[in-house]
Amino acid sequence: LAPQTDQAALAGAIDGVDGIVPGLGVTARKLLAALPITDVGGHAGFLRTLLTLPTWWRESRARRVGVRALAERVPADLPPEERALLGPALDRLASLAAGEPRTMAAATLLRTWRSLHRLLALLMLLSVTVHIVVAWFYGYRWIFSE
């Protein structure tokens with residue numbers, strides 16, 4: 001149930017921007033390649049994942065700001081109709097690019113939470129067993145005694 005990045009939608013958004021302003025898609029690809037997403041690996045612990053969350057938030061923000069800064073590279077002689085199309089296209093691309101680190105964070109957090117949840121469930125079973133033994137030993141034996 002962990003979220004997945006839609007690589008096809010991201011590629012489509014890049015192609016859409018490139019269709020409006022030729023060459024801007026290549027610049028967007030280079031920008032996103034220069035802003036990699038931190039991967040903590042498949043066996044990262046819950047604490048390490050929590051400590052990496054701010055990094056993923058910074059990466060998401062940097063990708064969003066970087067894609068929106070591409071609007072400054074638009075030629076001044078771009079027709080107004082195309083300029084009107086470029087704003088929403090860049091917003092969509094920025095949203096999809098910023099979503100990649102967030103989906104990585106959510107998937108990793110859910111994966112590590114399951115491990116922690118399993119440990120806590122086992123500890124709860126152990127504590128229930130200890131509670132029953134202690135309650136029997138110190139409290140309920142008087143019912144069956146004479």
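Residues numbered from 1 in each chain as written. Predicted model: local features only at pLDDT ≥ 70, side-chain atom pairs only at ≥ 80, totals over all residues. Heavy atoms only, no water.

Participant: Even after reading the chapter, I still don't get the overall build of the protein, so can you show me in this structure?
Facilitator: Broken down by element type, the protein carries four helices and zero strands. When its helices and strands are written in sequence order, the protein yields α-α-α-α. For the protein, whose C-alpha radius of gyration is 26 Å, the value lies well above the compact-globule estimate of 15 Å for 146 residues. With respect to the principal axes defined by its C-alpha atoms, the protein has extents near 100 × 25 × 20 Å. Counting every position in the protein, which comprises 146 residues, the buried fraction comes to 27%. In the protein, of all internal contacts separated by at least 6 residues, the share reaching a separation of at least 24 is 73%. When the accessible area of the protein is evaluated, it comes to approximately 9800 Å², of which 65% is carbon and sulfur surface. (Helix = DSSP H or I, 4+ residues; strand = E, 2+ residues; numbered from the N terminus. Rg over C-alpha atoms; globule rule 2.2 N^0.38 Å. Buried < 20%, exposed > 50% of the residue type's maximum accessible area, 1.4 Å probe, protein only. Contact = heavy atoms within 4.5 Å. Areas by Shrake-Rupley, 256 points an atom, 1.4 Å probe, with all protein chains shown as cover.)

Participant: Could you clarify how one ought to interpret the pattern of salt bridges in this entry?
Facilitator: A side chain with one charge can pair with a side chain of the opposite charge if their charged atoms come near. Tallying each qualifying case throughout the model produces three salt bridges. As a salt-bridge pair, Arg-63 and Glu-100 come within 2.4 Å of each other at their nearest N and O atoms. Placement of the pair is Arg-63 in helix H3 (residues 46-69) and Glu-100 in helix H4 (residues 80-144), with a sequence separation of 37 residues. The exposure classification of Arg-63 matches that of Glu-100, with both residues buried. Asp-91 is paired through a salt bridge with Arg-68; the nearest N and O atoms lie 3.6 Å apart. You can see Asp-91 sitting in helix H4 and its partner Arg-68 sitting in helix H3, a full 23 residues away along the chain. (Salt bridge = Lys/Arg side-chain N within 4 Å of Asp/Glu carboxyl O.)

Participant: Is there a simple way to explain the environment of Arg-63 in this structure?
Facilitator: Look at Arg-63 and you get buried, because its relative accessible area is 3%. Spatially, the C-alpha atom of Arg-63 lies 9.8 Å from that of Leu-93, the residues being 30 residues apart in sequence. There is a polar contact of 2.9 Å between the side chain of Arg-63 and the backbone oxygen of Ala-97. (Polar contact = N/O pair within 3.5 Å; in protein donor to acceptor, adjacent residues only side chain to side chain.)

Participant: I would appreciate a short explanation of a nonpolar patch on the surface in the present structure.
Facilitator: Where nonpolar side chains cluster on the molecular surface, the patch consists of Trp-113, Leu-119, Leu-120, Leu-123, Leu-126, Val-130, Val-134, Phe-137 and Tyr-138 and spans about 910 Å² of accessible area. Within the element layout of this structure, Leu-123 appears in helix H4. (Patch = residues over 30% accessible without salt bridge, like charges linked within 9 Å, V, L, I, M, F, W, Y side chains within 5 Å.)

Participant: Can you walk me through the packing of helix H1 (residues 7-20) against helix H2 (residues 24-34) in this structure?
Facilitator: Packed helices, taken two at a time, are described by their axes: the angle between them and the distance between them. Packing of H1 against H2 brings their axes to within 7 Å, and their N-to-C directions diverge by 140°. Comparing their axes, H2 and H1 come out oblique. Every residue of H2 that contacts H1 at Leu-10, Ala-11, Ile-14, Asp-15, Val-17 and Asp-18 is listed here: Leu-24, Gly-25, Val-26, Arg-29 and Leu-32. Tallied by class, the residues present in the contact of H1 with H2 amount to seven nonpolar, one polar and three charged. (Axes fitted to C-alpha atoms, helices over the stretch in contact; angles between N-to-C directions. Parallel < 35°, antiparallel > 145°, perpendicular 65-115°, else oblique. Nonpolar A, V, L, I, M, F, W, Y, C, P; charged D, E, K, R; others polar.)

Participant: Where do I start with H2 in this structure?
Facilitator: Helical geometry note: an α-helix holds 3.6 residues per turn, so side chains three or four residues apart project in the same direction. The set of residues buried in H2 consists of Leu-24, Gly-25, Ala-28 and Leu-32. Taken around the axis of H2, the buried residues stretch over an arc of 100°, which confines them to a single face. Exposed residues on H2 whose side chains face more than 90 degrees from its buried face are Lys-30, Ala-33 and Ala-34. (Arc of directions from axis to C-beta.)

Participant: Explanation requested: the side chain of Thr-52 in the structure shown.
Facilitator: Within the secondary structure, Thr-52 is located in helix H3. Judged by its relative accessible area of 9%, Thr-52 falls in the buried class. A polar atom in the side chain of Thr-52 sits 2.6 Å from the backbone oxygen of Arg-48. If sequence neighbours within four positions are ignored, Thr-52 has contacts with Thr-38 and Val-40.

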